[in-house]
Amino acid sequence: MIERTKRRHPAAEREACVVEVHEHSPPTLFHSGEQFRLERLPVGSRIVYPPPPLKGLIDVDAAICAALDSPLGMDPLDALLRPGMKLTIAFDDISLPLPPMKTPDIRGRIIEHVLERAYRAGVEDIHMIAALALHRRMTAAELKRAVGARVFDEFYPDRLYNHDAEDPDGIVSLGETRHGEMVELSKRAAESDLLVYVNINIVSMDGGHKSVAVGLGTYNSVKAHHNVHTMRHSKSFMDPAKSEMHHSTARQGDIVEAAVPIFHIETSLNNDMFDGPLGFLAKPEARWTAREQTTFAGLKRTTDRMNPKLRRALFHKSTAPYAITGVQAGAVGPVHEVTLEHVAAQQAVAVRGQADIVTAGLPYVGPYNVDSILNPILVMCMGLGYFFNLYQGVPLVREGGVMIFTHPVTREFHPVHHPSYVDFYEEVLATTTDPIEIERRFEKSYAEDEWYRHLYRTSHAYHGVHPFYMWYWGAHGLQHLGDVIFVGGDAEACRRLGFRRADTMRDALEMAEQVVGRDPSLTHFHCPPLFYAQVEA
C-alpha cells in the first residue's frame, strides 16, 4: 500500500494554448463529421487549442506490475487471490477510447497480468464481463480486440461475455442509498470474492465509482442519475466534485463496495489521436508546414469527393497511437484521484473569461457510434452533452450565449444499433424537445418496451431508453444557451432538434449577433484532440 504524493495545477502552465486571431492568422480548421472545413474567424477572436501529447510510459508492463504490487489503499493483488475463490474481471466497453487505440489494447495487457497472478495463486473460477450498462453488446471481434487473442480464445463465450442489464436471473439488488437511489448489479460480480475492474480513462467524467455502479448496473440503478434534474445540476460532467451525477454514483459505489471487494485499475492516455502523416491536425494551423498544408488540401479534396458510405467506413477504420501516461490500482477513491491528476496534466487548459459565442467542429465519432452512424440525436449529445461540458469552473460560453457547430446533421440512423433512436426522432421530438416533458411523457414506455429489450439482449442494439439519456446529457446546455446553430446542418433535422442552421460561418455569426448583440466576443474550442477548459469568469 502506498501513499499519495503532490498535486499539480497543469492548466495554469498552459496559457500558450490560447491564442488570438489577427489579420495574418491562417484560416481555422473545423471538423464536420467525416469532412473538414476551413473558416476565417473575426480578428480578435480567441482560439483554445489542446495541449500537445505528453510522453507515455517507457515500460507499460513494468508500470502495470508496480500498480498491482503497490496499490493505493489496498493490499497487493497477490495477497487478495487464493484457491477456491470466485474472481470476476470487468472492463470498459467499446465506447472508450475514441477513436479506438492501436493494438495491443491496454485492457488486454492488464487482464493478462491479472490472470497470470490468479493462475499462480490457484484461482480457477474466473469470469470476464464487458461493463456496457445499457450500451449495445460488443461483437465477438470487438471483445477479442479489447482483451487480446490469447484471453479471448481461452474464455469466450462461456466465461467472457457482455453484461446483460435485463437478465432477470443475472441481476441482484443491493439495496438503496440514503437518497433512495436503487443499486442493482450483475449477480456474478456482486457474488464474487473479488471484483477486478479495468478502466481506460480518456476524460475526467469517466472512471471512479461510475465504472462499476453504472457499467454493471441496470435501468433501475442508472435512472437514479441519468435524469434531467441530475444532468442540469452537474456543472460540469468533467468536474466530478461539482457533478450531481458523480455524487450519485459515489453513493451507489459505497453500497457496491460494501457488498463486494473491488480492486480498481485505472489507466490514463495522452491525446495523440491522429496517426502518422495526419498528426498535424492536432497542431495550431499557424504551425503547419508547407508539406502539411499540401497534405490537408489533398485530404479535404478527397473526403469532399468521396462516396459518403465509403468515407464513413474509412474513418471508422482509423485507430489512434495513444501512449499510456499512468496505471494505478487499488481502492476506487484513491485510484481515481490520481487518475484525475493524470488527465488534468494532459487536458486542462486555463482560460480567462467566458465568450458570447463559442464555435466548435464536431468530429465523426462519439462514444455511441463506434463502427456506426452519428445520428442527429447523437450529434445533439456530442455538441451540448460533451463539447459544452468540456469545462471546469464556468462554461466557456456565457449564459444566454450562442454555440455554433459545424456538422451535416444527416438524418440517418444505424438500423441495428439505434432502433429506438428512430422512434425517438419521429415520435418524441416531433412532439416536444423539452427534456422535462420528454422524461415525463415518454421515457418509461421506451425503457420497458419488450421489443427494444429483446433487441438489446439478443442483437447489438442500444437499450430502448438510451436516446432519452443522450437528450438529457444536453439538458444543461439547452437551459444555459440562448441559441444553437449548425453550419452546414440538414434543415429538416436541425428544425426537428429545435436548432437553427446556416450555410456559412459568416451567416451563423450574423444570426448569433441577433441573440447576443453586436461586436460579440468569440472563442473557438479547437477539439479534437480531447481537452477541457478551466474557465475563470
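Residues numbered from 1 in each chain as written. Predicted model: local features only at pLDDT ≥ 70, side-chain atom pairs only at ≥ 80, totals over all residues. Heavy atoms only, no water.

## Some words on the overall build of the protein
- Looking only at helices and strands, one finds 22 helices and 20 strands in the protein.
- In summary, the protein has a C-alpha radius of gyration of 23 Å against a globular reference of 24 Å for 537 residues, a match within 12%.
- Sorting the 537 residues of the protein into buried and exposed places 59% on the buried side.
- Residue pairs in contact within the protein that sit at least 24 positions apart in sequence constitute 80% of those at least 6 positions apart.
- Working note: accessible area of the protein is about 20800 Å², and carbon and sulfur atoms make up 51% of it.
- Computing the positive centroid from 55 side-chain charges and the negative centroid from 68, the protein places the two 5 Å apart. (Helix = DSSP H or I, 4+ residues; strand = E, 2+ residues; numbered from the N terminus. Rg over C-alpha atoms; globule rule 2.2 N^0.38 Å. Buried < 20%, exposed > 50% of the residue type's maximum accessible area, 1.4 Å probe, protein only. Contact = heavy atoms within 4.5 Å. Areas by Shrake-Rupley, 256 points an atom, 1.4 Å probe, with all protein chains shown as cover. Lys, Arg positive; Asp, Glu negative; His and termini not counted. Charge placed at Lys NZ, Arg CZ, Asp CG, Glu CD.)

## Some points on the sheet that holds strand β15 (residues 391–393)
- Read across the sheet, three strands follow the order β13-β20-β15 without closing on themselves; strand pairing throughout is parallel. If you trace the sheet from one side to the other, it starts and ends with β13 (348–352) and β15, each paired once. For this sheet the average axis-to-axis angle between neighbouring strands, irrespective of direction, equals 30°.
- Summarising the sheet, β13 and strand β20 (residues 532–536) pair through five bridges and their orientation is parallel. Each bridged residue has a counterpart across the sheet, and for Val349 the counterpart in β20 is Ala533.
- Running over the sheet, helix α13 (residues 332–347) touches β13 and β20 and is turned about 60° from β13. (Pairing = 2+ DSSP bridges. Axes fitted to C-alpha atoms, helices over the stretch in contact; angles between N-to-C directions.)

## Brief notes about the nonpolar core
- Counting residues in hydrophobic clusters, the biggest one holds 140 residues, and the most contacted among them are Ile89, Val196, Ile265 and Trp473.
- It is helix α14 (residues 376–387) that contributes the most residues to this core, nine residues altogether.
- When sequence neighbours within four positions are dropped, the list of residues in contact with Ile89 reads Ile111, Val114, Leu115, Ile126, His127, Met128, Ile129, Val196 and Val198.
- In this structure, Val21, Ile485, Leu509 and Ala512 belong to the second largest nonpolar core, which totals 18 residues. (Core = buried A, V, L, I, M, F, W, Y, C linked by side-chain atoms within 4.5 Å.)

## Notes on the packing of helix α1 (residues 60–69) against helix α3 (residues 106–120)
- In contact at an axis separation of 10 Å, α1 and α3 are set at 50° when each is read in the N-to-C sense. With respect to α3, the axis of α1 lies oblique. Considering how the two elements wind past one another, α1 and α3 form a crossing that is right-handed. Touching Val60, Asp61, Ile64, Cys65, Leu68 and Asp69 of α1 are Ile106, Arg109, Ile110, His113, Val114 and Arg117, all from α3. (Parallel < 35°, antiparallel > 145°, perpendicular 65-115°, else oblique. Left-handed = near helix turned anticlockwise from the far one by under 90°.)

## Some remarks on the pattern of salt bridges
- Summed over the entire model, instances satisfying the criterion amount to 30 salt bridges.
- Across the pair Asp356 and Arg398 runs a salt bridge whose closest N-O atoms are separated by 2.6 Å. Of the two residues, Asp356 is situated in strand β14 (residues 355–361) and Arg398 in strand β16 (residues 397–406); the sequence distance between them amounts to 42 residues.
- Looking at Arg398, the relative accessible area reads 24%, which means it is partly exposed.
- Of the charged contacts, one joins Arg496 and Glu426 as a salt bridge, the two residues approaching to 3.8 Å between their closest N and O atoms. Linking Arg496 in helix α21 (residues 491–497) with Glu426 in helix α15 (residues 419–428), this pair joins segments that are 70 residues apart in sequence.
- Residue class for Glu426 comes out partly exposed when judged on its relative accessible area of 35%. (Salt bridge = Lys/Arg side-chain N within 4 Å of Asp/Glu carboxyl O.)

## As for unusual backbone geometry
- The peptide bond linking Thr103 to Pro104 adopts the cis configuration, its omega dihedral lying at 5°.
- Counting through the fold element by element, Pro104 comes out in the loop between β5 (86–92) and α3.
- With an omega of 10°, the peptide bond between Lys235 and Ser236 qualifies as cis.
- Here Ser236 is to be found in the loop between α9 (228–232) and α10 (244–259).
- The backbone of Asp519 sits at a positive phi, close to 50°, despite the residue not being glycine.
- Examined against the element boundaries, Asp519 turns out to sit in the loop between α22 (505–516) and β19 (522–525).
- The exposure class assigned to Asp519 is exposed, which follows from its relative accessible area of 70%.

Remember, this is a structural readout, not a statement about activity or role.
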